[in-house]
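Here is how the chains run, residue by residue.
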Amino acid sequence: MRRFYILDTSPEQAFDEIAALLAETFEVPLAFVSLVDEAKVFFKAKQGPYEATEVPRDHSYCSLSILSKNVTVFEDTQNIEWTEIYPGFTPPKGLRFYAGAPIVTRDGAAIGTVCIADFKPKAFSTKEQRLLQQFARLALKEMENHRDALDYAQVLEEKVAEALQQLKIYEAEGQAFALYSQAPVAVSLYKTEELIVSYANETAFKISGKTPEVIGKRFIDVLPEMESQGFHNLLKEVYRTGKIFRANETLLTIIIDGQPKDFYFDLIYQPYYSANGDIEGVLAFGIDLTEQVLSRKAVEVSEQKFRNVLAQAPYPILIMKGEELRLEVANPPLFKLWGIDETSLGRPFLDILPEMKEQGFWDLLQKVYREGYIHYGYDSPVYFLRDGKQDLHYFNFVYHPYTEKDGFISGVLVLATDVTEQVLARKKAAESEANFRSLILQAPVGICILHRNKLTVEIANDRYAQMINRSRIELEGAPITAVLPIAGQYEPILYKVLDSGEPFYATEYAIELEDQEQNKKLIYVDFVYEPLRESDGSVNRVMALVIDVTEKVKARQQIEEMEARTRLGIEASEQGTFDVNVKTNEMKASRRLAEIFDVEDDADRHRYISAIHPDDLVLRENAYKSAYQTSILEYEGRVIKKIGFVIWVRVKGKIYFDENKEPERLVGIVQEITEHKNFSEALARKVEERTEELEQANKQLLAINDELQQFAYVSSHDLQEPLRKIRLYASLLSQSIEKEGGANTHLQKINASAERMSSLIHSLLEYSRTTNATPRFEELDLNDLLKTILTDYELLIEQKGATFEIGTLPVIEGVSLQMNQLFFNLIGNALKFTKRGVYPLIKISAEPLAEESKKRLTDLKPEKDYTIITIQDNGIGFDQAFASKIFTVFQRLNDRSSFGGYGIGLALCKKVVQAHKGLIFAEGELKKGAKFTVVLPLTQ
């Protein structure tokens, strides 16, 4: 650190600017550029309310920061146990946040820090840490410039002091002018306030291009260009104040022979004192550094060019220095390859890529660094750890010792080329070659590769060998003409392909082959002779690809024969055919088609269209629109003959589409259907006439049916009137006869028969009304309807001791009277067919019909909602085998003597349910009860 001449020095603007920029960038109140020695921390620059210029080492966070290679961050110092982690360290009071980056010299020594602090806690991101490291490198660069400038100034000052000392000696001895003349430094003496040139040595004359004639003239007259550059005022200031002026590598532009010329000087303007101590003039000393500065600038330009080349190079380049091989120089491709950025500059190689050690690259680098050994690597595999996974690359690289001017090896220069793609491509090519051979052998088509030398077979697959009735063993390694003599006729074609590099194609080529028994066989093949180019572009091999299309050719020949027969059949049926290229509108038409449309044989498509009746053109257009969607064209229309006669035609066709689904071809037939059309029209007229007759007959049947219904109604009522009288007089007669007499028994039978006949007539009337009545649907609450029915059965329920379990029933749309009949009959059945000695239990429930159940009942409409109602009893039941007959009129499963009724009630129930577009089912088991299920829509 001492060699930087910066410890315990006065403030300097460059470092103060760094500190100010630190505070502004990170938005903190305190920022420092510090230097750390064995005892103290010295603040070369500081920003913020902090008075001390130095503190003991064990009282500053900077002493901890230089111990780390990376940025040291304390986001909240109150959360750290200092005595446990850093024994003997006393943290500064008041600071809650600190972040510092070490200033590390090029040889790896940590001499200080750039750091920031705050009186409150603060989060510090990784990006901010990288930025702080860049400030540390900036501070180091400024220190190096500071050191170099002081080195130059010290040398110059020593030379000037030496010259002054000699000047005093020589003046005392009267030899001053001899000393000036021999000095390698430009020396000039300007006296009085006018700065009169009183002396200049040969070096000064030589540099300025002046002669001794300028002695006695004013400085401003000798060198007028110095005024605009400020040097005239500097000389006057030294004369006036007596303060020495020093400047390093100062640019002066001097006019020589009328042309401006630039010089770089280290200057000292020294006051010149008389014997009595008064300032008599200014003594100017200048060391010409033009050559050195220009050389250094050239080096800097060269270095900048090197860095530009480095930055623009497409492959990684880096320089690592020191025992730890710290990353000194690197270009963007290297950053990208290693997954780092500029903040990694200065870090040891193994800190950045620890995985390189086990791969042997660290030992190679050490050997190059220590022994000056140059190492070359080719197609070397290298893996990088990315998120815990190995990322494999292949490189061509060179490790070259990096030497300084004195020949000292200070590091290693690495140039690398990522050849991963090439290596993988070669491996892939090798695999591809193997795959290519495998592909040839397994290809479903015949393949044979022939070499220019005698058309020797290099490889042939089994498919090719089978085609020509040979084996692969016979073919490979032998000239094709020796194995297959017929191939001799293709030699000129093969050599033309080899010489021209152009492929040869043949389709459906007929070849007659002989097997080993000399049996001949005709086959058809498509084949290609494809030239195979070498890496230099030459053609020495031909690949023959052969496809056996014998079956395809024979099938096409059969199709052509069938088409010929089809055309013959079409012509025999007097149908016309057409084939239209939809894209070009070109049309091929048969002679019969021209006859139908009454046009010339060579008429174009427009002429055929113009023959269509104008009123049917829209019909034709709509048919074509549909055909473009379905591919099927079909319509009937009229054609106007030249003499004005109109005929009917039926057009049928099919549209074929290309690979882009665009219509390409239309093929079809046209048949004249005039007679058929006339017959159809006549038939339609007959049907219409018969329809009118049927409608009249239907109306008559309806009238007769109404009359029959009226007759049945009147008859039923007229029948009931004498029945009532029979019942009345039988009753009176019965009362007038003694009860013990036999006549009473006969009268009772007459009365019972009359009762049964009355009940039967009533049931028939109800069934008739249900069948013929026009329904009037309304909203019905089945709960209210059920209450009314149970009230009607109140006496019977009490007599039988019946119990009901009733759930909530829905509200539906229905005919009130019919719904009343439905539930009245179902509940009446449950009360009628009871078991002796068992109290009836009747359960009534309802629930929505599930979607799955609805799908199984195909008679129901999917869009409607349904309810399913069950009425279950514990009565005598019935055999399930009779379930389908139970709803038939007059169908009884029990004798009338045990249970009354005529088998009409359940038939009535079915009629009601059907009138409401529902379903009804019955389930039963003898002596265990019956269950009736009714499915009804909620709305009609």
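This is a predicted model, so every value here is computed, not measured.

Criteria and thresholds
Residues numbered from 1 in each chain as written. Predicted model: local features only at pLDDT ≥ 70, side-chain atom pairs only at ≥ 80, totals over all residues. Heavy atoms only, no water. Salt bridge = Lys/Arg side-chain N within 4 Å of Asp/Glu carboxyl O. Helix = DSSP H or I, 4+ residues; strand = E, 2+ residues; numbered from the N terminus. Buried < 20%, exposed > 50% of the residue type's maximum accessible area, 1.4 Å probe, protein only. Arc of directions from axis to C-beta. Contact = heavy atoms within 4.5 Å. Patch = residues over 30% accessible without salt bridge, like charges linked within 9 Å, V, L, I, M, F, W, Y side chains within 5 Å. Areas by Shrake-Rupley, 256 points an atom, 1.4 Å probe, with all protein chains shown as cover. Lys, Arg positive; Asp, Glu negative; His and termini not counted. Charge placed at Lys NZ, Arg CZ, Asp CG, Glu CD. Axes fitted to C-alpha atoms, helices over the stretch in contact; angles between N-to-C directions. Parallel < 35°, antiparallel > 145°, perpendicular 65-115°, else oblique. Left-handed = near helix turned anticlockwise from the far one by under 90°. Nonpolar A, V, L, I, M, F, W, Y, C, P; charged D, E, K, R; others polar. Core = buried A, V, L, I, M, F, W, Y, C linked by side-chain atoms within 4.5 Å. Disulfide = S-S within 2.5 Å. Pairing = 2+ DSSP bridges.

J.: When you look at the pattern of salt bridges in this model, what are you seeing that I'm missing?
T.: Two side chains with opposite charge may pair up if their charged atoms get near one another. Taken as a whole and assessed by the stated rule, the structure comprises 38 salt bridges. Here Glu 12 makes a salt bridge to Lys 44, at a shortest N to O gap of 2.9 Å. Of this pair, Glu 12 sits in the segment before helix 1 (13-26) while Lys 44 sits in strand 2 (residues 40-47), and the two are 32 residues apart along the sequence. Between Lys 69 and Glu 324 there is a salt bridge whose closest N-O contact spans 3.5 Å. Here Lys 69 is found in the loop between helix 2 (62-65) and strand 4 (72-74), whereas its partner Glu 324 is found in the loop between strand 12 (317-321) and strand 13 (326-330), with 255 residues between them in sequence. Taking relative accessible area as the criterion, Glu 324 reaches 35% and is therefore assigned partly exposed. Because the salt bridges share partners, they merge into one network encompassing Lys 69, Glu 324, Arg 326 and Asp 351.

J.: Looking at this structure, how should I read helix 19 (residues 491-500)?
T.: For an α-helix, the turn length of 3.6 residues means that residues three or four places apart are oriented alike. Leu 494, Val 497 and Leu 498 are the residues of helix 19 that are buried. Buried residues of helix 19, seen end-on, are gathered within an arc of 100° and therefore sit on one face of the element. In helix 19, the exposed positions that point more than 90 degrees away from the buried face belong to Pro 492, Lys 496 and Asp 499. Buried residues in helix 19 make contact with strand 17 (446-451), strand 19 (504-514), strand 20 (520-533) and strand 21 (539-548).

J.: What am I meant to see in a negative patch on the surface here?
T.: The grouping of Glu 688, Glu 689, Glu 692 and Glu 695 at the surface amounts to a negative patch. With respect to the helices and strands, Glu 692 occurs in helix 24 (residues 674-736).

J.: Sorry if this is basic, but what is going on with the packing of helix 26 (residues 782-792) against helix 28 (residues 816-832) here?
T.: Relative placement of two packed helices is described by the angle separating their axes and the distance separating the axes. In contact at an axis separation of 10 Å, helix 26 and helix 28 are set at 55° when each is read in the N-to-C sense. By the angle between their directions, the pair helix 26 and helix 28 is classed as oblique. Crossing of helix 26 against helix 28: the hand is right-handed. Contacts between helix 26 and helix 28 involve Leu 782, Leu 785, Leu 786, Ile 789, Leu 790 and Asp 792 from the former and Ser 816, Met 819, Asn 820, Phe 823, Phe 824 and Ile 827 from the latter. Here the residues of the contact of helix 26 with helix 28 are counted per class, giving 9 nonpolar, 2 polar and 1 charged.

J.: Which parts of the structure should I look at to understand the environment of Ile 797?
T.: Secondary-structure assignment places Ile 797 in helix 27 (residues 794-800). For the pair Ile 797 and Gly 828, spaced 31 residues apart in sequence, the C-alpha to C-alpha distance is 10.0 Å. In this view, Ile 797 contacts Leu 790, Ala 802, Phe 804 and Leu 831; residues no more than four positions away in its chain are not counted.

J.: Mind showing me how you'd approach the nonpolar core here?
T.: Nonpolar side chains in soluble globular proteins tend to end up buried together. Counting 36 residues, the largest nonpolar core has Met 819, Leu 822, Phe 823, Leu 826, Ile 827 and Phe 932 as its most contacted members. Where this core is concerned, the elements lending two or more residues are helix 26, helix 28, strand 30 (841-848), strand 31 (866-872), helix 30 (905-915), strand 32 (919-925) and strand 33 (929-937). It is helix 28 that contributes the most residues to this core, 7 residues altogether.

J.: What's the story with the state of the cysteines in this structure? I'm lost.
T.: Defined simply, a disulfide is a covalent bond joining two cysteines at their sulfur atoms. Going through the model one piece at a time under the given rule, you end up with 0 disulfides. Cys 62 supplies the cysteine sulfur nearest to Cys 115, a cysteine that is in no disulfide, at a spacing of 3.5 Å. The class for Cys 115 is buried, based on a relative accessible area of 1%.

J.: Explain a nonpolar patch on the surface to me, please; I cannot follow it from the model alone.
T.: Together, Ile 374, Tyr 376 and Tyr 378 make up a nonpolar patch on the protein surface, roughly 350 Å² of accessible area in all. Along the chain, Tyr 378 falls in strand 14 (residues 375-386).

J.: Looking at this structure, I do not really get the pairing of strand 6 (residues 110-118). What am I missing?
T.: Each regular strand shows side chains that alternate between the opposite faces of the sheet. Within strand 6, 8 of the 9 residues are buried, which leaves the element mostly enclosed by the surrounding structure. Pairing between strand 1 (residues 30-36) and strand 6: 6 bridges, direction antiparallel. When the sheet's bridge partners are listed, Ala 31 is paired in strand 6 with Ile 116. Looking at chain direction, strand 5 (residues 97-104) and strand 6 are connected through 8 bridges and run antiparallel.

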